[in-house]
Every structure is written in structure tokens, then in C-alpha cells.
Amino acid sequence: MKLGLTRRLEKVLTQSGLSYCIYDKTVANPTTANVAEALELYHSNNCDAIIGFGGGSSIDCAKAVGARIAKPKQSLARMKGILKIHKKLPLLAAIPTTAGTGSETTLSAVITDADTRYKYAINDFPLIPRYAVLDPKVTLSLPPSITASTGMDALTHAVEAYIGRSTTYGTRKNALMAVSLIFENIDKAYTDGTDITARRNMLRASFYAGCAFTKSYVGYVHAIAHSLGGEYNVPHGLANAILLPFVLEAYGPGIHKKLYQLSVAAGISKEGTPYDAAAREFITAIQDMKKRFGIGDTVSEIREEDIPKLAHYADKEGNPLYPVPVLMDAKELERFYYLLKETSYE
């Protein structure tokens, strides 16, 4: 709102004779309180449709409002998990202003409990927006830091969807396209925010990555990132970017062939490179990307006494919800929090 990004949309709505109201208090990692406030605005103004305009937080908040309208007697907490909504939402359109979350095409909304700070996902097909508008003009004012973290968020979606154990021909194709587009365009968008072609390609990449992970799901990068976002309000894309090389390294040889395929698609490795070497080149390329964008390897907010609880949350989310390539338990997941708390990646 402060950047004036909604003005064109407001003008079109007014010219079309459509009355509207705006909820502009959504925070990063949207909360149950945000959803309750927006829901009250929806009802008090007799609305009959929702537009999620903004980053993934705004779109997720819009989805959750739609879910509460569809099921007014059920709390968001009771919708946690998979296939708990079943009912049709009001007309929902999504206009992403960041090229990262893919929320405009996914069946997921991630919400944080305002009281406990527990962050959880709601997953059901009615949450997929009816329309998605990919307009690069609304991404031109994104600062470089958010361009980088949201772009690496999309990269994480594509990579985790590709290396998981629940892929299809279509999701693999979408993930490869997304990875290729990101490696070709993210540096251009980062260094020159006015490059409309790079911005458009990053939106396409985010969309393809969203298509991939809404069917094939994600993995432990997301599970750990969600716990950090819920507890400390660490922006989701940033948490994913920090974590991605750590978790890929920990998965080990079981994903080397898939990382080889991703590395070739990204133009990092040549065809015929040994799988383990290509996997190392791909992980190194992600580390180098983080360095170019000034993204570190630590999360200063992590408190040691919180780690068992955070690992428990990540474990509950990661298994059985995600088809991860390698299963880990809560104790094994604790090491990632210690790594992020104490060390730099070597």
C-alpha cells in the first residue's frame, strides 16, 4: 500500500463499478489474528470475492479467510494438515508481487497461531486460487534483498519437489523449467530491478515451482523454515535460502542423481559429469548464490533451549506430510538448528 502498488488495481475496480475494501495489516508469516481481522472486514462490508495481492503472506492470509468463510464453524487449527476443507471458497484471485512463494498456484496456506507462535500448513484443493495474474510491473519495486530471498524460495520449492519421492513427469518438468529460469534470471533481477524480462521470467519460475510442489510437496528445508518463521518471525524465503545447501548436503548420495539432473538443467554441470561431482557443483552454486546476495548461514534469533521444541515441530510436519528423500527424526533435525545458530558453512 505504501509503495502504491495497489493503485492500478484500485483504478480498474473503480472503473468497472466494483466496490471493494482493503485489508492491509498482514504481517510476514500471517497470523490467526490477521485472518480474523480480514474475515470481519469481509463480512462487515458484505463482500463476495477475495483478491490476494502481495507476497506469499498476503495470498496465504486471503486463502485462510476464504477457508473460514467456507467453514465458519471450524477453526483454522482444525483445518491443519491435508484435505480438511472440502467446501468451495468464495471467488479467489491472486496477484503476486514477489517472484518466490508460488502461493498463487498452490493448495497450501501457511498460518501462525497468534498466541503460541506455532506455524502450520492447511492443504486442500479449494485453496488453489481460481485466477492468478502474473504482472511483472508490480514486482519492479522489490528491493534486491527481497528479490534474492523470494527467488531462492522459488528455487527451494523446485528443488524439494524434484528430489522428493512423490514426483510425476509433469512436476519434474515444471521443477526443471523453474530451476533453469531462476539460474538464468535471478542475478539480472537482483542487480537491475527494472529488467522487466528478468522480472517476468522470475514470476514464471515461481509459478512453475509452485505447480511442482503443490503436487509433489516439499521436504525438511520447509519443515525447519516453518518452525523458524513461527517462533522468531524469520521471513520464510530467507529461512529457506539459508537452509537449502545444509539440507541437500545432509541427504547424501541418495539424491545425487537428481541433483545432477538439476545441475545440468541449470547450466552448472555438463552432461556426463559423475553424479556426486555434479551434486557438489550444484550445492556449491547455491552457496555462491547466497554469498552474492549477502545471505548468511546463521539465524541469530535461535535460542538453544528452543531447539528441541522446534525440531519436534519440524519432525511432525516433515513426516508423514512430506515425501522426503531421506527420513530423519527430531533428534537428527536438531543438528540443523545448531548449525544455523553457531557456525558458517564450510
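It should be emphasised that the depicted structure is a prediction, and the values quoted were computed from it without experimental measurement.

J.: Help me get a handle on the overall build of the chain, residues and values and all.
T.: Check the secondary structure of the chain and you find 12 helices and six strands. In terms of overall dimensions, the chain is globule-like: its C-alpha atoms have a radius of gyration of 19 Å, near the 20 Å expected for 346 residues. Projected onto the principal axes, the alpha-carbon positions of the chain cover approximately 60 × 45 × 35 Å. Burial statistics for the chain: of 346 residues in total, 55% are counted as buried. Sequence-distant contacts in the chain: of pairs separated by 6 or more residues, those separated by 24 or more amount to 74%. Split by element, the accessible area of the chain, about 15100 Å² in all, is 54% carbon and sulfur. Charge separation in the chain, taken as the distance between the mean sites of 39 positive and 35 negative side-chain charges, equals 7 Å.

J.: Hey, could you go over the nonpolar core for me, with residue numbers and the actual values?
T.: With 72 residues, the main nonpolar core has Leu228, Leu248 and Phe282 as its most contacted residues. When neighbours within four sequence positions are excluded, Phe282 is seen to be in contact with Val159, Val179, Phe183, Leu248, Leu259, Leu262, Ser263, Ala266 and Ile268. Counting residues in each nonpolar core, the second largest holds 23 residues, with Leu39, Cys61, Ala62 and Ile85 among its members.

J.: Tell me what's going on with helix α6 (residues 196–216), and back it up with residues and numbers.
T.: With 21 residues, α6 extends 30 Å between its outermost C-alpha atoms, agreeing within 8% with the 30 Å of an ideal straight helix rising 1.5 Å per residue. For α6, the buried fraction is high: 15 of the 21 residues fall into the buried class. Two or three places before Thr197, at the opening of α6, Asp195 has a side-chain oxygen 3.2 Å from that residue's backbone nitrogen. Immediately downstream of α6, the backbone of Tyr217 shows phi near 65°, a positive value.

J.: Tell me what's going on with the sheet that holds strand β5 (residues 119–123), and back it up with residues and numbers.
T.: On the basis of which strands lie adjacent, the open sheet formed by three strands has the order β2-β5-β4 and mixed pairing. Where the open sheet ends on each side, the last strands, each with one partner, are β2 (81–82) and β4 (108–112). As judged from the two bridges shared by β2 and β5, these two strands associate in the parallel manner. Paired with Ile82 across the strands is Asn123, a residue of β5.

J.: Explain the side chain of Asp306 residue by residue, including any values.
T.: Looking at the element boundaries, Asp306 is found in the loop between α10 (275–292) and α11 (307–318). Separated by 2.6 Å, the side chains of Asp306 and Tyr232 make a polar contact. Ignoring sequence-local partners within four residues, the contact set of Asp306 consists of Glu231 and Tyr232.

The rules behind these values
Residues numbered from 1 in each chain as written. Predicted model: local features only at pLDDT ≥ 70, side-chain atom pairs only at ≥ 80, totals over all residues. Heavy atoms only, no water. Helix = DSSP H or I, 4+ residues; strand = E, 2+ residues; numbered from the N terminus. Rg over C-alpha atoms; globule rule 2.2 N^0.38 Å. Buried < 20%, exposed > 50% of the residue type's maximum accessible area, 1.4 Å probe, protein only. Contact = heavy atoms within 4.5 Å. Areas by Shrake-Rupley, 256 points an atom, 1.4 Å probe, with all protein chains shown as cover. Lys, Arg positive; Asp, Glu negative; His and termini not counted. Charge placed at Lys NZ, Arg CZ, Asp CG, Glu CD. Core = buried A, V, L, I, M, F, W, Y, C linked by side-chain atoms within 4.5 Å. Expected span 1.5 Å × (residues − 1). Polar contact = N/O pair within 3.5 Å; in protein donor to acceptor, adjacent residues only side chain to side chain. Pairing = 2+ DSSP bridges.

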